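So the chains spell out like this:
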Amino acid sequence: MNTKHMSLLAALIAALLAVTFLSGCSKSTTRKTDPNVDYYTCAMHPSVRSQDPDGKCPICGMSLVPVMKDGTKNHLPSPGASQSFNVPVERQQQIGVTYAAATRKPLHHSIRSVGVVEPDKARHWEFVARVDGYVQKLHVTSPGELVEENQPLLTIYSPDLLTTSREFVNLLNARDSAATAETRASTQRLIDSAKLRLAQWNVTDIQIAELEKSRKPSEFLTLYSPFKGVVESVPVDQGRKVAVGDHLVDVADLSTVWVWMDLFETELPMLQKAQKISVTSASYPGEKFEGEIGLINPFLNEQTRTGKARIDVPNADLKLRPGMYVNAELVMDMGEGLTVPVSTIMPTGSRNFVFVDKGEGKLEPRLVALGRKFGDDYEVQGGLEEGERVVASANFLIDAESKVQGAVKSFEQPAVVATQ
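Because the structure is a prediction, the values reported are computed rather than measured.

In the Ramachandran plot, Ala274 falls in the positive-phi region, its phi being about 80° despite a non-glycine side chain. Within the secondary structure, Ala274 sits in the loop between β14 (256–264) and β15 (276–280). Located in the positive-phi region is Leu318, a residue other than glycine, with phi close to 60°. Along the polypeptide, Leu318 turns up in the loop between β17 (306–314) and β18 (325–341).

Here we come to the pairing of strand β9 (residues 152–157). In regular strands, side chains alternate between the two faces of the sheet. As judged from the four bridges shared by strand β7 (residues 133–138) and β9, these two strands associate in the antiparallel manner. The residue bridging Tyr134 from the neighbouring strand is Tyr157, located in β9. Relative to strand β10 (residues 220–224), β9 is paired through five bridges, and the arrangement is antiparallel. Bridge pairing in β10 links Ile156 to Leu221.

Take the packing of helix α3 (residues 159–176) against helix α5 (residues 205–214) next. Where α3 meets α5, the closest approach of the two axes is 10 Å, and the angle between their N-to-C directions is 55°. It follows that α3 is oblique to α5 by the angle criterion. α5 is crossed by α3, and the crossing has right-handed handedness. Where α3 approaches α5, its residues Ser165, Phe168, Val169, Leu172 and Arg175 are matched on the opposing element by Ile208, Leu211 and Glu212. Partitioning the contact of α3 with α5 into residue classes produces five nonpolar, one polar and two charged.

Residue placement: Asp250 occurs in strand β13 (residues 247–252). This buried residue, Asp250, is left without a salt bridge; Lys121 holds the nearest opposite charge, at 9.7 Å. Of the polar contacts made by the side chain of Asp250, one reaches the side chain of His247; its length is 2.4 Å. With near-sequence residues (within four places) excluded, Asp250 lies in contact with His124, Trp125, Glu126, Phe127, Val230, Val231, Glu232 and Ser233.

With that settled, consider the sheet that holds β7. The strand order β10-β9-β7-β12 describes an open sheet built from four strands, whose pairing is antiparallel. The sheet is open, and its two edges are formed by β10 and β12 (241–242), each paired on a single side.

Looking only at α5, the buried set comprises Gln207, Ile208 and Leu211. Relative to the axis of α5, the buried residues are bounded by an arc of 100° and lie together on one face. Exposed side of α5, more than 90 degrees from the buried face: Asp205, Ile206, Glu210 and Lys213 are the residues found there. Contact partners of the buried residues in α5: α3, α4 (181–200) and β10.

Inspection of the entire model under this criterion finds 19 salt bridges. Between Arg240 and Asp237 there is a salt bridge; the shortest N-O distance is 3.0 Å. Look at Arg240 and you get partly exposed, because its relative accessible area is 36%. Each of Lys358, Glu364, Arg366 and Glu388 takes part in salt bridges that share partners, so that together they form one network.

The terminal C-alpha atoms of α4 lie 29 Å apart, and with 20 residues this matches the ideal 28 Å at 1.5 Å per residue to within 8%. Taken together, the buried positions of α4 are occupied by Thr187, Ile191, Ala194 and Leu198. Seen from one end, α4 has its buried residues packed into an arc of 60°, which puts them on one side. Exposed positions of α4 whose direction lies more than 90 degrees from the buried face are Ala181, Glu182, Arg189 and Leu196. In this fold, the buried residues of α4 make contact with α3 and α5. Positive backbone phi, at 75°, marks Asn202, one or two positions downstream of α4.

For the rest of this paragraph, the subject is the packing of aromatic side chains. Within the structure shown, the criterion is met by five aromatic pairs. For the ring pair Tyr284 and Phe289, a centre distance of 6.0 Å and an interplane angle of 75° mean the geometry is edge-to-face. Taking the relative accessible area as the measure of exposure, Phe289 reaches 9% and is therefore buried. Sitting above the plane of the Tyr99 ring, Arg389 keeps its charged end 4.2 Å from the centroid.

Moving on, we come to the environment of Gly361. With respect to the element layout, Gly361 can be found in the loop between β20 (352–359) and β21 (362–374). Between the C-alpha atom of Gly361 and that of Glu90, which follows or precedes it by 271 residues, the distance is 8.8 Å. What Gly361 contacts, discounting residues up to four positions off in sequence, is Phe85, Asn86, Val87, Val89 and Gln92.

What follows is about the environment of Ser50. In this fold, Ser50 is placed in the loop between β1 (37–41) and β2 (65–68). As for Ser50 and Leu64, which are separated by 14 residues in sequence, their C-alpha atoms are 8.2 Å apart. With near-sequence residues (within four places) excluded, Ser50 lies in contact with Tyr39, Tyr40 and Leu64. Within the local environment of Ser50, its side chain forms a polar contact with the backbone nitrogen of Asp52, the two atoms lying 3.0 Å apart.

The rules behind each value
In this convention, every chain numbers its residues from 1, walking through the sequence in written order. Where local features are concerned, this predicted model is filtered to residues with pLDDT of at least 70; where side-chain atom pairs are given and counted, the filter is 80 or more; whole-chain, interface and lining totals use all residues. Side-chain descriptors were evaluated using all non-hydrogen atoms of the structure, hydrogens and water having been removed beforehand. Secondary structure elements follow DSSP: runs of H or I of four or more residues count as helices, runs of E of two or more count as strands, with numbering from the N terminus. One bridge is not enough; two strands pair if DSSP finds at least two bridges between them. Working convention: axes come from line fits to C-alpha atoms, limited for helices to the stretch in contact. Angles between N-to-C directions cover 0 to 180 degrees. The labels follow the angle: roughly parallel below 35 degrees, roughly antiparallel above 145, roughly perpendicular from 65 to 115, and oblique for the rest. Here is the rule for handedness: rotate from the far helix to the near one, and if that takes an anticlockwise turn smaller than a right angle the crossing is left-handed, while a clockwise turn gives right-handed. Any two residues whose heavy atoms approach within 4.5 Å at even a single point are treated as in contact. Put simply, Ala, Val, Leu, Ile, Met, Phe, Trp, Tyr, Cys and Pro go in the nonpolar bin, Asp, Glu, Lys and Arg in the charged bin, and everything else, Gly too, in the polar bin. The rule is simple: take the accessible area with a 1.4 Å probe, protein chains only, and divide by the maximum for that residue type; under 20% is buried, over 50% is exposed, in between is partly exposed. For this count, His and the chain ends are skipped, Lys and Arg are scored as positive, and Asp and Glu as negative. Every case where a carboxyl oxygen of Asp or Glu lies within 4 Å of a side-chain nitrogen of Lys or Arg is listed as a salt bridge. Counting of polar contacts relies on pairs of N or O atoms within 3.5 Å, with two restrictions inside protein: one atom must be capable of donating a hydrogen and the other of accepting it, and residues adjacent in sequence are counted only when both atoms are side-chain atoms. What the arc covers is the set of directions going from the helix axis to the C-beta atoms. To estimate the expected span of a helix, count its residues, drop one, and scale the result by 1.5 Å. Two rings from Phe, Tyr or Trp (for Trp, the six-membered ring) form a pair when their centres are within 6.5 Å of each other. A pair whose planes differ by under 30 degrees is stacked, one over 60 is edge-to-face, and the rest are tilted. Over a ring means this: the NZ of a Lys or the CZ of an Arg is within 6 Å of the ring centre and within 35 degrees of the ring normal.

What follows is the structure, given as structure tokens:
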């Protein structure tokens, strides 16, 4: 065999060996990837994206975690899936690291709002003149006076009232002296009409009964308070002439008051009639007034996108006064759940993670799924188990430590020298 044939044979053998070697390497290094994975990223640095399932974060050196494609459920990495790093206990003490445990506890959601106190419309009475006359006497003279039920408020002198009272008395006398039953029945119908006319002029049933008994007509009409309450206004003076429709006096029963509070439209579905709610006022620090929701207004304010709810609050001591600003708080029981303090969470945009204490200075970054915020706690829906300890303070310093350690590791890796 000549030299030319020997060279060709050697080249062929080298080519076969190279193909065999490359094929073996491909089979040994190719890893089957999950078709549902969109890309791989770092739990602490979501800006890092890679298609290599075995890749490391170039910032901190931790293993990358998968991000699923749209429409595929994202799974949180199981405990221990993320790469832990070490921060000595002495170093943790220097930077002020504290811990909190994932705890299962009752959850309560609070809705807070401000409101304004108003009188109960069903316990508020405005007296207006129903007959022409003059104010003979004011029995109450200024707003704020306390009045009892059936206490006199003012007396009106009215010639028209005297005329109707005389007519009523004359009809009573005619009925009593009627000779026949038919005449008596006809007179009784006229008496009923006179009674109705007197009642329309604010003459009470008791006053009509006294007039029927005494048979003494009077030109004076006294108005009485329909309930125990407080005088709200007295816009008339003694001796002033009044006409039908003139405003005379207002009385309000403040033993129960209304508080109207504003709520966002997203909070309105949480409300129900008769729910208990607490009301506080800056005028009475530390004191709570317990009321209940009496009405939920279904109409929204188009500009503020808020609705109103009415709270009925007992007010026996008259501490809550019309026009007063108050704070209202509704606390709702939302069951029980696993929680961690808000300070333990490190947000990274669309995701959240915590540093889990693995003991002896080892910390593990872990993605967590969060629910609703309840006061100073978050509900944890996945990623943590009850009793696990997580970093509750100095999170950003811990994050910085992990980045520094990742950078040091990258420098310590041996450089790859290219050969020809």
